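Breakdown of the fold
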Amino acid sequence: MRPPSLTNKSWLALVIGNSRWHWAGFRGNNLEDAWETGHLEKEAIEGLIAGGFDFKVWGDKGWKQPNWQTGSGNPPVWIACVVPKQQELWQSYPQAHFITLEEIPLRGTYPSLGIDRALALWGAGTQLGWPVLVIDAGTALTFTGGEHEGKLVGGAILPGLGLQLRSLQQGTAALPLVEVSLAASPPVRWALNTENAILSGVIYTLLAGIRDFIAAWWQKFPESAITLTGGDRVFLFNYLQALYPEIAARVTSDPYLIFWGMRALLSK
């Protein structure tokens, strides 16, 4: 389906991720606000639609009330979904548009490439130019690289920071669930208690992997941009700055890459 003209029109971008729903309210090409919610049930979506997308209907849930208004009429909602059962909740809304991999003008893709990875790469390429490497620090940590004129080079997937920490607690009899503090500096490497030992093992090996992938990418594309996105990007970017400042100086952080990719699709 060809997208409608975006000139001065309000529209919503929605990324249905593994852990959360990520929203952005646009007017034309301008992103006016972005926010997150938990996964929604059918009744919550029906209430939102019936209320003309007045997000105050969710006031009792403690979620952010966005600084965005629809204008007149219910807005188009452009959806990128990695959880198929959640996508079904929007099937009855006539203004819902589900983005497919085929709509994204990347070259060299494969059928199982995640729509979130493809959109983030397309967004990074339109914002930063090609070649570019996207490191998405979400539930999964992914590396996705593209070269000149939007050709997919490839990438990698591994468990993200939170998933690694939870897996140790869920998969063992005695290890605790450890939380990462945003204000904390990198953990002590040679820990003398279990909690710090977990943080040391997970964080230092994760950062070593990121450093290795960045080095390999710069061997192929020495002048390439590299950008971090995803919910854990702030943790990882702070640790990169503390441990590998020469690398961090050439890495940017952008929480909205997928939204830029969606905007680029609708603007072409």
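As a further point, take the sheet that holds strand β9 (residues 225–229). Taken together, the five strands give an open sheet; going across it, the order is β8-β7-β6-β9-β10, and neighbouring strands pair in mixed fashion. Each of the sheet's edge strands pairs with one partner strand only, and the pair in question is β8 (151–159) and β10 (251–253). Put simply, the sheet's adjacent strands are angled 20 degrees from each other on average, direction ignored. Taken together, the six bridges between strand β6 (residues 132–137) and strand β7 (residues 140–147) define a ladder with antiparallel strand orientation. Paired with I135 across the bridge in β7 is F143. Sheet strands in contact with helix α3 (residues 115–128) are β6, β7, β8, β9 and β10, and its direction is about 135 degrees off that of β6.

This part is about the packing of aromatic side chains. The final tally for this structure, using the stated rule, is 15 aromatic pairs. Aromatic side chains F53 and Y93 sit 5.5 Å apart centroid to centroid with 45 degrees between the ring planes, which places their arrangement in the tilted category. Linking F53 in the loop between α1 (42–50) and β4 (77–81) with Y93 in the loop between α2 (84–87) and β5 (96–98), this pair joins segments that are 40 residues apart in sequence. A residue is classified by how much of its surface remains accessible, and F53, at 3% relative accessible area, is buried. Here Y93 falls in the buried class, since its relative accessible area comes to 6%. Summarising the aromatic geometry, the rings of F55 and W68 are spaced 6.4 Å apart at their centres and angled 65 degrees between planes, so their arrangement reads as edge-to-face.

This next bit is on helix α8 (residues 257–267). The buried fraction of α8 is high, at ten of eleven residues. Those residues of α8 that fall on the buried side of the exposure criterion are L257, I258, F259, W260, G261, M262, R263, A264, L265 and L266.

Before going further, it helps to examine the layout of surface pockets. As a volume, the largest pocket reaches approximately 1100 Å³. Lining the largest pocket we find 45 residues, and of these H22, G138, T139, G230 and G231 sit closest to its centre. Tallying contributions element by element places helix α4 (residues 161–170) first for the lining of the largest pocket, with five residues. Taken as a whole, the second largest pocket holds about 180 Å³ of empty space. Along its surface, the second largest pocket is lined by eleven residues, and D54, K56, P66, W68 and Q69 are the ones closest to its centre. Of the residues assigned to the lining of the second largest pocket, the class counts are four nonpolar, five polar and two charged.

Definitions and cut-offs
Residues numbered from 1 in each chain as written. Predicted model: local features only at pLDDT ≥ 70, side-chain atom pairs only at ≥ 80, totals over all residues. Heavy atoms only, no water. Pairing = 2+ DSSP bridges. Helix = DSSP H or I, 4+ residues; strand = E, 2+ residues; numbered from the N terminus. Axes fitted to C-alpha atoms, helices over the stretch in contact; angles between N-to-C directions. Contact = heavy atoms within 4.5 Å. Phe/Tyr/Trp six-rings, centres within 6.5 Å; stacked < 30°, edge-to-face > 60°. Buried < 20%, exposed > 50% of the residue type's maximum accessible area, 1.4 Å probe, protein only. 1 Å grid on protein atoms, 1.4 Å probe; cavity = no way out; pocket = protein on both sides within 12 Å on 5 of 7 lines; lining within 4 Å. Points joined across faces, edges and corners; volume = space filled by probe spheres on them. Nonpolar A, V, L, I, M, F, W, Y, C, P; charged D, E, K, R; others polar.

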